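Architecture and fold: a report
In case you want the letters, here they are:
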Amino acid sequence: GTEIFMSGMGWHGPYDITSVCSGGTSYMLPPYGTCTLYVTFEGSTDEPLGLSTGVGGARFTTGLYLFDITGFIYTGDRKPGVSNLLASLTTLGLPAATVELLKPHATTARTYLYDNYSTNDQKACPSLRTFVYRTEQEAAANRITDWEAVALVTQARAVLTNLRCTCA
């Protein structure tokens, strides 16, 4: 075998990519050597909430390898958090049946948080707990991916924490 040369990495979006290669230098791979690319999400306060996609790539003497990158920005702040959760049902591209199952719970939580009566905010807790439970069921049944479930559950739990609800 011959050594493979990695001539560079690149990316588009709020990410950073580094590499660790074994058996050679950081840019020269010996036969049967490995190179692992690490992607770090670099979200900032000026990024909009929700999905943030990008593209990464590495150029080797054997060819250019491109990969899609997806990160997620969320907030635990009550109103924007529950609104982003509701919007995520669409932006994640979930199956229609899953959206129909989850949307009523997020909508109920949003109704309580946006009714201008802060004394009602705790009433959003049961709906958010049910949202988490049903999301986990959808993932367990393989109707949504584990990554989609993590994105939804993480957001819902952040709002639950902000509301000082007992997390699901």
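Residues numbered from 1 in each chain as written. Predicted model: local features only at pLDDT ≥ 70, side-chain atom pairs only at ≥ 80, totals over all residues. Heavy atoms only, no water.

**Focus: the overall build of the protein chain**
Check the secondary structure of the protein chain and you find four helices and six strands. Ordering the α and β elements of the protein chain from the N terminus gives β-β-β-β-β-β-α-α-α-α. Relative to the globule expectation of 15 Å for 168 residues, the C-alpha radius of gyration of the protein chain, 21 Å, shows a markedly less compact shape. Judged by the C-alpha coordinates and their principal axes, the protein chain covers about 70 × 35 × 25 Å. Counting only contacts in the protein chain whose residues sit at least 6 apart along the sequence, the fraction spanning at least 24 positions is 60%. For the protein chain, the distance from the average position of its 11 positive side-chain charges to the average position of its 14 negative side-chain charges is 13 Å. (Helix = DSSP H or I, 4+ residues; strand = E, 2+ residues; numbered from the N terminus. Rg over C-alpha atoms; globule rule 2.2 N^0.38 Å. Contact = heavy atoms within 4.5 Å. Lys, Arg positive; Asp, Glu negative; His and termini not counted. Charge placed at Lys NZ, Arg CZ, Asp CG, Glu CD.)

**Points about the state of the cysteines**
What the rule picks out here adds up to one disulfide. The disulfide partner of Cys 125 is Cys 165, and the gap between their sulfur atoms is 1.7 Å. Torsion about the S-S bond of the Cys 125 and Cys 165 cystine: about -55°, corresponding to left-handed handedness. Note that Cys 125 is positioned in helix H3 (residues 124-140) and Cys 165 in the segment after helix H4 (146-162), a separation of 40 residues in sequence. The residues Cys 125 and Cys 165 share a single accessibility class, namely buried. (Disulfide = S-S within 2.5 Å. Buried < 20%, exposed > 50% of the residue type's maximum accessible area, 1.4 Å probe, protein only.)

**Concerning H3**
Because each turn of an α-helix spans 3.6 residues, side chains separated by three or four positions end up pointing in the same direction. Here H3 is 17 residues long and its end C-alpha atoms lie 25 Å apart, about the 24 Å a rise of 1.5 Å per residue gives. Every buried residue of H3 is accounted for by Ala 124, Cys 125, Ser 127, Leu 128, Phe 131, Val 132, Thr 135, Glu 138 and Ala 139. One side of H3 holds all its buried residues, which, seen down the axis, span an arc of 165°. Contacts made by the buried residues of H3 are with helix H1 (78-91), helix H2 (96-113) and H4. (Expected span 1.5 Å × (residues − 1). Arc of directions from axis to C-beta.)

**Here's the deal with the nonpolar core**
Judged by nonpolar contacts, the single largest core of 28 residues is most densely connected at Leu 89, Leu 94, Leu 128, Phe 131, Leu 152 and Leu 163. Counting residues per element, the ones that place at least two in this core are H1, H2, H3 and H4. Ranked by the residues each element gives to this core, the list is headed by H4, at seven residues. In this view, Leu 128 contacts Val 82, Leu 85, Ala 109, Val 159, Leu 160 and Leu 163; residues no more than four positions away in its chain are not counted. (Core = buried A, V, L, I, M, F, W, Y, C linked by side-chain atoms within 4.5 Å.)

**Thoughts on the packing of H3 against H4**
Where H3 meets H4, the axes come as close as 9 Å, and the angle between the chain directions of the two elements is 165°. When the interaxial angle is binned, H3 and H4 end up roughly antiparallel. The two elements H3 and H4 meet at a crossing, and its hand is left-handed. Judged by residue contacts, Cys 125, Leu 128, Arg 129, Phe 131, Val 132, Thr 135, Glu 136 and Ala 139 of H3 engage Asp 146, Ala 149, Leu 152, Val 153, Ala 156, Arg 157, Val 159 and Leu 160 from H4. (Axes fitted to C-alpha atoms, helices over the stretch in contact; angles between N-to-C directions. Parallel < 35°, antiparallel > 145°, perpendicular 65-115°, else oblique. Left-handed = near helix turned anticlockwise from the far one by under 90°.)

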